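# Commentary on secondary and tertiary structure
Chain by chain, the residues run as shown.
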Amino acid sequence: MSAFQSSLADLDHRDRRPGQEKRVEKSAAALTDVPSAPLSDSRSLSPAAAEKIAQIAAACSNEDLNALIDLATTKDGLVEDNLRRTAWPLLLGSNNTPLDNQVPWTSLPPHRDEDQVKLDVHRSFVYYPNNESDKQLDKRKRELSDVITEVLRRHPILCYFQGYHDIVQVLLLVLGAKDSPAAVTRLSLLRIRDFMLPSLDAAISHLHLLHPILDTVDPALREHLSHTQPFFALAATLTLYAHDIQEYGDIARLFDFFLAREAVIPVYFFAVVVLARKEELFEIPPDEPEMLHSILCKLPKPLDLELLISNTTSLFDRHPPKSLPYHAWRRVSSYSVLKTTQNPSSVARQTLEEGHALFSKQEVEMRRAKAIHKAMNNVKRQAWLYRRPAGAFGLAVAVGLVAWWLGKSPITGVGRLSESLRRIMAFFV
């Protein structure tokens, strides 16, 4: 099994195990969709925390995105779910989503991925909430299934991926079943769109930023990991860490940070985690990539989230994506969420129509890239079949012609292109 396959398999292995102990904080929305009461008097707040709560409430009331972004990034984030219920929709731009006059989603055609949704929902809510009856958990699973299915049916271009349910269950616990669909829709089309394309190629492009980020801070560590493909970060970044973090309070805090910042931030966060494990990683020989992969694909415990968030912000500020070596940022698609969310408030200001348009453009771009790759392989095969002394020159010319032609033309039959390449190569070699 390759490192990439291992990373994908990790998304499919988690399930509820009898007797497993789970250290979890109870969701503030644990038992009902009705907003829960404020923090009880038994939980004392420091003057600083009380002041921050007042600032968050004011930012929400004034719909001050810039203030909300700053508050979500600093210590303790948005503090509690009562505040998140208003703040998260503001950060995602779902607070003003019109719901009237919509066709009931249950009357829409089924989405092609609904069978996989059912399988994943069945094994959801493994770690939290941990104090509910089986009946209550079954209700939550029905709500989770409804939210995911509604989003997919209303936007059938989206492709479900394993781990999506991990993300959605966090939003469901915070926002409730009524407000989750609008928030999840905007998150899907505008914030994690790269993960919902027909293939994981765009998601993998996020991972290829990891080594350049490490190189800016610790070239020796990057070199030590140079034989280890960055697929170890796939499960964590693909699910915004909801697949890996087991405590509700921690994942809610991390979502405060991620929803308030650029889409590339989860990759920088993983780089910070790797840097924090430097000594441990140097103990493993660099020519044992399987062992390094095995260690890196699991987050260390416990996580000092506030320190990691602070270091991530600092790393991003000192080495923003455009400054990364090896032209890493230039290789990212201009339609990727990495580039369409370069302003932290971008998601809140974009429209779903823009999300659909960017999705379609990126899908076409990916198909073109695959066709070019296939055509190039055909060129190499033809060069081998018709090899002569001038073959290298013929190959170079043919590759140039192919790249130019595909760059100017829509993708059509690759078979017809291959026949044309055979004739070109026969001429040149």
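Up top is the structure these notes are about.
Residues numbered from 1 in each chain as written. Predicted model: local features only at pLDDT ≥ 70, side-chain atom pairs only at ≥ 80, totals over all residues. Heavy atoms only, no water.

## Re the pattern of salt bridges
Inspection of every chain in the model, using the stated rule, returns 15 salt bridges. For D218, the salt bridge is made with K278, and the minimal N-O distance between the two is 2.8 Å. Of this pair, D218 sits in the loop between α9 (210–217) and α10 (219–224) while K278 sits in helix α14 (residues 278–282); the two residues are 60 residues apart in sequence, bridging distant segments of the chain. For D218, a relative accessible area of 10% translates into the label buried. For K278, a relative accessible area of 33% translates into the label partly exposed. One salt-bridge network, in which partners are shared between bridges, spans D81, R84 and D256. (Salt bridge = Lys/Arg side-chain N within 4 Å of Asp/Glu carboxyl O. Helix = DSSP H or I, 4+ residues; strand = E, 2+ residues; numbered from the N terminus. Buried < 20%, exposed > 50% of the residue type's maximum accessible area, 1.4 Å probe, protein only.)

## Some thoughts on the nonpolar core
Membership of the largest hydrophobic core comes to 113 residues, with the highest contact counts inside it found for W88, Y164, L171, L209, Y241 and F269. Looking at which element gives the most residues to this core, the answer is helix α7 (residues 164–191), with 14 residues. Those residues within four positions of L209 in sequence are excluded, and the remaining contacts are V264, V267, L324, A328, W329, V332 and L338. (Core = buried A, V, L, I, M, F, W, Y, C linked by side-chain atoms within 4.5 Å. Contact = heavy atoms within 4.5 Å.)

## Topic: the packing of aromatic side chains
Going through the model one piece at a time under the given rule, you end up with 12 aromatic pairs. With a centroid separation of 5.6 Å and an interplanar angle of 65 degrees, the aromatic rings of Y128 and Y248 are classed as edge-to-face. With Y128 in the loop between α5 (114–122) and α6 (134–154) and Y248 in helix α12 (residues 248–260), this pair connects stretches of sequence that are 120 residues apart. (Phe/Tyr/Trp six-rings, centres within 6.5 Å; stacked < 30°, edge-to-face > 60°.)

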